[in-house]
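# Results of the structural survey
This is what each chain is made of:
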Amino acid sequence: MASVREWVGARATIGTVFFAAVLSVAIGILNISSPVTGGVLAPYIPEAVRITAGFTGTLTGFLLLASVFGLRRRYRAAWYSTAVLLPVTAAQGLVQSPERAAPLVGLSLISLALLLFNHRAFNRDLDLTATQLSALLAIAGAQTYATAGAWALREQFNGIETLFDAFYFGVVTGSTVGYGDIYPRTAIARLFGISALLITVATFAVALGVLLTPAIEARLTKALGRMTESQLDILENHVLVLGYGELTEPILEELGDRARVVIVTPDESRAKRLTDRGYDVVTDDPSDEEALQRTRVDAARSVVVATNNDAEDALAILTARQLNPDVHIVAAATQRENERKLRRAGANTVISPAALGGHFLAESAVGGSGLETIEERLLDEQPADPPVDETVETTGAGAADDTDDTDDTDDTDDTNRS
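Now for a look at the structure at hand.

What counts as what
One numbering rule holds for all chains: residues counted from 1, following each sequence as written. The predicted nature of this model means local features are confined to residues of pLDDT at least 70 and side-chain atom pairs, given and counted, to a pLDDT of 80 or more, with totals for whole chains, interfaces and linings taken over all residues. Values shown for side chains rest on all heavy atoms present in the structure; no hydrogens or waters enter the calculation. Secondary structure follows DSSP: runs of H or I at least 4 residues long count as helices, runs of E at least 2 residues long count as strands, and numbering of each begins at the N terminus. Burial classes: relative accessible area under 20% of the type maximum marks a residue as buried, over 50% as exposed, and values in between as partly exposed (1.4 Å probe, protein chains only). Contacts are residue-level and defined by heavy atoms, with any inter-residue pair within 4.5 Å sufficient. Nonpolar core, defined: a set of buried Ala, Val, Leu, Ile, Met, Phe, Trp, Tyr and Cys residues in which side-chain atoms within 4.5 Å join the residues together. By the criterion applied in these results, polar contacts are pairs of N or O atoms within 3.5 Å in which, for protein atoms, one can donate a hydrogen and the other can accept it, and in which residues neighboring in sequence qualify only through two side-chain atoms.

Assignment of secondary structure puts R74 in the loop between α3 (47–72) and α4 (76–94). The partly exposed category is assigned to R74, whose relative accessible area is 28%. Sequence-wise, R74 and R120 are 46 residues apart; in three dimensions their C-alpha atoms are separated by 9.5 Å. If we skip the residues at most four places from it in the chain, R74 touches A10, A121, F122, N123 and R124.

In structure tokens, the structure reads:
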């Protein structure tokens, strides 16, 4: 069954679309060097359409390659663009030479069938920032200005006879190619040409920087195991994990998809591994104020501190409490005698996994029953949201001392009763 899924799954879909794109580019280049003879629909298709379909296959192929990049990231927008481009590719093949385009038509239809079959696999939204959307709109607006202006002043230009000629003028002007086949003949047309040149070139330069910079930045930061600044800016209601150790791993597994987790660790190799597993990671000192400010501790839902070093954990708790007095902080104490110190540092909840596990094992060793059931019930319970107002000993050192002494007494009484 697994082998069948591999043949018709999402990876197979991406692979067939990729080969269809490459084949479309290759056939388009071949048709440029030698004219097409026409396919099965040649008697019904005008010659100009056949010739156009011959070389535009290269453009369609490159657009498909761009869609393949989106499919690899499981973007829904890439699925839609591919679903549109594949029928266009197949239609181009039908009006081209049958001996050249038959494999392309067949592969396009197979890819389209696989794409429709695996539509649920491509369900991620393409999130564009307001800056990126503005850049795309700026490009469209600049081209519209150049095209509309050239069409309105077509009588004062040499070579503009159709709307497509006006659009062509806008494209070559914005790309600074300037073939010289279309040029202004009057002073007004020249002034318009200058304005179109300035607007389109500036728009292309700025927009391409805006659109490409996040992709390059994301690639570099992922390689280094870091989050981008744009990702950090939109953090809100997240769980901030300060440091990483053996105690942290089961916490991450338990959180799963219940909350967005951001991990701060100074170990770059460990950060890279966590990033590869899909976690959001910032490579920095978890007790550094700037690091916590960058990871938006002020907007965090809660803070988790659970490494194997209680001293470093206490520093991280102090920093987090100082930057956000209201955030709920959960800590794990490696040594039980450090529980009070972590509470004094500002933790709302402190748990000693070693003490808790030792208590369960000791009770089981002397004949206690039902402990495994209690453990399973605890593991199956869904964690509740942290309370808004905690009557915990974080408001002052004196209150913390009194409460801690009481807690120790209660713990001793509970142990004696057990």
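Judged by nonpolar contacts, the single largest core of 23 residues is most densely connected at L240, L242, V303 and I317. The set of elements that each furnish at least two residues to this core consists of β3 (239–242), β4 (261–265), α12 (289–294), β6 (302–305), α13 (310–323), β7 (328–332) and α14 (339–345). The dominant element in this core, judged by the number of residues it contributes, is α13, at four residues. When neighbours within four sequence positions are excluded, L242 is seen to be in contact with V264, P286, L292, V303, V304, V305, A306, T307, A316 and A320. By size, the runner-up hydrophobic cluster in this structure holds 16 residues, among which are A21, V68, L71 and A78.

For V305, the position within the fold is in strand β6. For the pair V305 and A333, spaced 28 residues apart in sequence, the C-alpha to C-alpha distance is 9.1 Å.

Another point: the environment of T13. Mapped onto the elements, T13 comes out in helix α2 (residues 10–33). Its relative accessible area of 0% is what places T13 among the buried residues. Look past the residues within four positions of T13 in its chain and what remains in contact with it is S111, L114, L115, N118 and F122. From its side chain, T13 meets the backbone oxygen of L114 in a polar contact 3.4 Å long.

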